[in-house]
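Spelled out from the first residue to the last, the chains are:
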Amino acid sequence: MKRTTMRLLMAAALMRLAFFFYGVYQDEHAEIRFTDIDYFVFTDASKFVAQGGTPYDRATYRYTPILSWLLLPTTRYFWFGKLLFALGDIVAGWLMLRIFQLRELSNDRALKFASVWLLNPMVATISTRGSSEGLLGAMVIALLWAVYEKKIVLSGVLTGYAVHFKIYPVIYVPSILWALDNSPSILGNGLFRWVNKDRIKFALSSFITFTALTGAMYYIYGYPFLLHTYLHHLSRSDHRHNFSPYNILLYISASPSVDKSPYPSLAFIPQLFISGIFLPFMLAKKDLAKTMFVQTFAFVTFNKVCTSQYFMWYIVLLPFYLPSSTMLKNKWLGFSALILWTLAQVLWLQQGFELEYLGNSTFYPGIFAATLIFFSVNVWILGVAIEDI
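The following paragraphs examine the structure supplied in this document.

Reading guide: rules and limits
- Residues numbered from 1 in each chain as written.
- Predicted model: local features only at pLDDT ≥ 70, side-chain atom pairs only at ≥ 80, totals over all residues.
- Heavy atoms only, no water.
- Helix = DSSP H or I, 4+ residues; strand = E, 2+ residues; numbered from the N terminus.
- Rg over C-alpha atoms; globule rule 2.2 N^0.38 Å.
- Contact = heavy atoms within 4.5 Å.
- Areas by Shrake-Rupley, 256 points an atom, 1.4 Å probe, with all protein chains shown as cover.
- Lys, Arg positive; Asp, Glu negative; His and termini not counted.
- Charge placed at Lys NZ, Arg CZ, Asp CG, Glu CD.
- Expected span 1.5 Å × (residues − 1).
- Buried < 20%, exposed > 50% of the residue type's maximum accessible area, 1.4 Å probe, protein only.
- Axes fitted to C-alpha atoms, helices over the stretch in contact; angles between N-to-C directions.
- Left-handed = near helix turned anticlockwise from the far one by under 90°.
- Nonpolar A, V, L, I, M, F, W, Y, C, P; charged D, E, K, R; others polar.
- Salt bridge = Lys/Arg side-chain N within 4 Å of Asp/Glu carboxyl O.
- Phe/Tyr/Trp six-rings, centres within 6.5 Å; stacked < 30°, edge-to-face > 60°.

Comments concerning the overall build of the protein
For the protein, the count of helices and strands is 19 helices and zero strands. The C-alpha radius of gyration computed for the protein amounts to 21 Å, which stays within 12% of the reference 21 Å derived for 389 residues, consistent with globular compactness. Considering only residue pairs separated by 6 or more positions, the protein has 71% of its internal contacts joining residues 24 or more positions apart. Here the protein has roughly 18700 Å² of accessible surface; of this, 68% comes from carbon and sulfur atoms. Here the protein contributes 31 positive and 21 negative side-chain charges, whose respective centroids are spaced 8 Å apart.

Description of helix α19 (residues 363-388)
For α19, which comprises 26 residues, the first-to-last C-alpha distance of 36 Å matches the rise-based estimate of 38 Å (1.5 Å per residue) to within 8%. Those residues of α19 not exposed but buried are G366, I367, A370, T371, F374, V377, N378, I381, L382, V384 and A385.

Regarding the packing of helix α8 (residues 152-165) against helix α10 (residues 197-221)
Where α8 meets α10, the closest approach of the two axes is 7 Å, and the angle between their N-to-C directions is 35 degrees. Handedness of the crossing formed by α8 with α10: right-handed. For the pair formed by α8 and α10, the contact residues are I152, V153, S155, G156, V157, T159, G160, Y161, V163 and H164 on the first element and D198, K201, F202, S205, S206, T209, F210, L213, T214 and M217 on the second. Looking at side-chain class alone, the contact of α8 with α10 contains nine nonpolar, nine polar and two charged residues.

Some remarks on the environment of L347
Inspection of the secondary structure puts L347 in helix α18 (residues 331-356). Apart from residues no more than four positions distant in its own chain, L347 is found in contact with A370 and I373.

A short note on the pattern of salt bridges
This structure, assessed with the given rule, holds seven salt bridges. Notably, a salt bridge pairs D44 with R58, separated by 3.1 Å at the nearest N-O pair. With D44 in helix α2 (residues 37-50) and R58 in the loop between α2 and α3 (65-70), this residue pair connects regions lying 14 residues apart in the sequence. One salt bridge connects D287 with R103, and the closest N-O pair in it is separated by 2.9 Å. Of this pair, D287 sits in the loop between α13 (268-283) and α14 (288-301) while R103 is found in the loop between α4 (80-102) and α5 (107-118), placing the two residues 184 residues apart along the sequence. Owing to a relative accessible area of 14%, D287 belongs among the buried residues under this scheme.

Digging into the packing of aromatic side chains
All told, the structure shown has 34 aromatic pairs when counted by the stated rule. For the pair Y22 and F34, a centre-to-centre distance of 5.9 Å together with 90 degrees between the ring planes defines the contact as edge-to-face. One end of the pair, Y22, is in helix α1 (residues 2-29); the other, F34, is in the loop between α1 and α2, with twelve residues separating them in the sequence. The partly exposed category is assigned to Y22, whose relative accessible area is 46%. In this structure F34 comes out as buried when scored by relative accessible area, which is 8%. With 4.5 Å between their ring centres and 45 degrees between their planes, F297 and Y314 make a pair best called tilted. You can see F297 sitting in helix α14 and its partner Y314 sitting in helix α15 (residues 311-315), a full 17 residues away along the chain. Overall, F297 belongs to the buried group, its relative accessible area being 4%.

Some points on the side chain of T371
Mapping T371 onto the fold places it in helix α19. Judged by relative accessible area, which is 2%, T371 ranks as buried. Excluding residues within four positions of it along the chain, T371 makes contact with F243, S244, P245, N247 and W348.

What to know about the environment of F375
Residue placement: F375 occurs in helix α19. When its relative accessible area of 21% is taken as the criterion, F375 is described as partly exposed. As for F375 and D181, which are separated by 194 residues in sequence, their C-alpha atoms are 35 Å apart. For F375, the residues in contact, after removing those within four places along its chain, are P245, T301 and F302.

Some words on unusual backbone geometry
At T60, a residue that is not glycine, the phi angle is positive and equals roughly 75 degrees. Tracing the backbone through its elements, the reader meets T60 in the loop between α2 and α3. We classify T60 as partly exposed; its relative accessible area is 43%. The backbone of K150 shows a phi angle near 65 degrees, a positive value even though the residue is not glycine. You can see K150 is positioned in the loop between α7 (133-148) and α8. Judged by its relative accessible area of 65%, K150 falls in the exposed class.

Right under this line is the structure:
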């Protein structure tokens with residue numbers, strides 16, 4: 001078992017090294033860079049920190065200062081961050097295998113389903129282009145592993161850290177709290193019978209961790225930290241490379257000659273209700289890992305900004321959904337879902353390329369239709385996944 005696991009992890013590492021070196025070559029010899037623009041934002045922020053400034057001296061840096069601290073070695077070794085993010089992929093895959101053991105999945109099947117993440121070229125590409133989603137994926141799988149290992153305080157600490165690192169893992173808090181129902185109630189059998197020792201430990205450890213980290217960053221960097229790391233996401237209007245149905249509305253709102261619409265700011269209401277309230281309380285006690293997958297899928301599908309790197313948020317949880325899924329049992333259904341999901345993206349990307357690179361107006365019916373098709377495909381897949389749980 002250890003040998004086959006090591007082979008898989010080594011293959012995943014070699015794949016990422018191949019993508020990494022190809023990226024270095026493309027950056028040096030091709031007109032279009034392999035490296036994601038976000039990576040330059042990260043590394044520039046680290047340079048400002050190294051020079052005694054703040055990461056927010058770099059325009060468009062919208063992340064916790066901790067990320068810029070982690071990437072301080074890039075001031076001397078520019079590619080360090082890409083290797084760190086790729087390592088996050090590997091750690092997430094290794095923890096997946098540990099969880100599969102706890103869920104008593106056979107070794108052969110565990111390796112097969114972990115390969116969906118570890119040997120996924122899309123995942124390897126996104127990390128080696130310089131996206132930090134690999135680190136976040138490792139955090140999410142780590143907190144899930146801690147829950148299954150019954151390390152409740154550790155799972156709370158990891159959850160608090162993940163939410164500080166990027167807001168969206170907060171949707172997992174209701175699911176984990178609802179799933180922790182094995183310890184006896186400490187308030188009897190009345191209205192508050194759901195209050196038990198595990199839930200209190202998780203709630204306190206996650207809240208204290210998040211509050212301590214956020215308070216420390218605010219103490220060091222003040223209001224710019226709150227504005228750029230958290231408050232910005234309530235009003236952000238990113239419309240480029242955005243698969244979301246809100247895309248056209250965001251394009252229109254971005255025009256200085258148009259009155260700002262309040263609706264993009266309210267987009268989080270249906271999104272959080274579905275992913276943070278409805279799905280947790282309907283499904284979390286049945287299967288926590290699968291619930292976290294459908295939560296994340298719903299969160300990304302209904303988010304007002306939806307780019308390719310966001311798909312990493314649910315792909316890292318996909319291996320836990322697949323083993324007993326209808327899409328795996330019914331090969332035609334699974335194949336159709338994959339093909340439609342891919343083709344819908346290709347259709348949007350073709351229209352997006354026309355607009356953003358060639359300057360052709362493809363808003364209607366092009367991008368508008370492509371966006372609705374992709375959204376519809378995702379909603380259909382989400383419905384199938386929810387029924388499976």
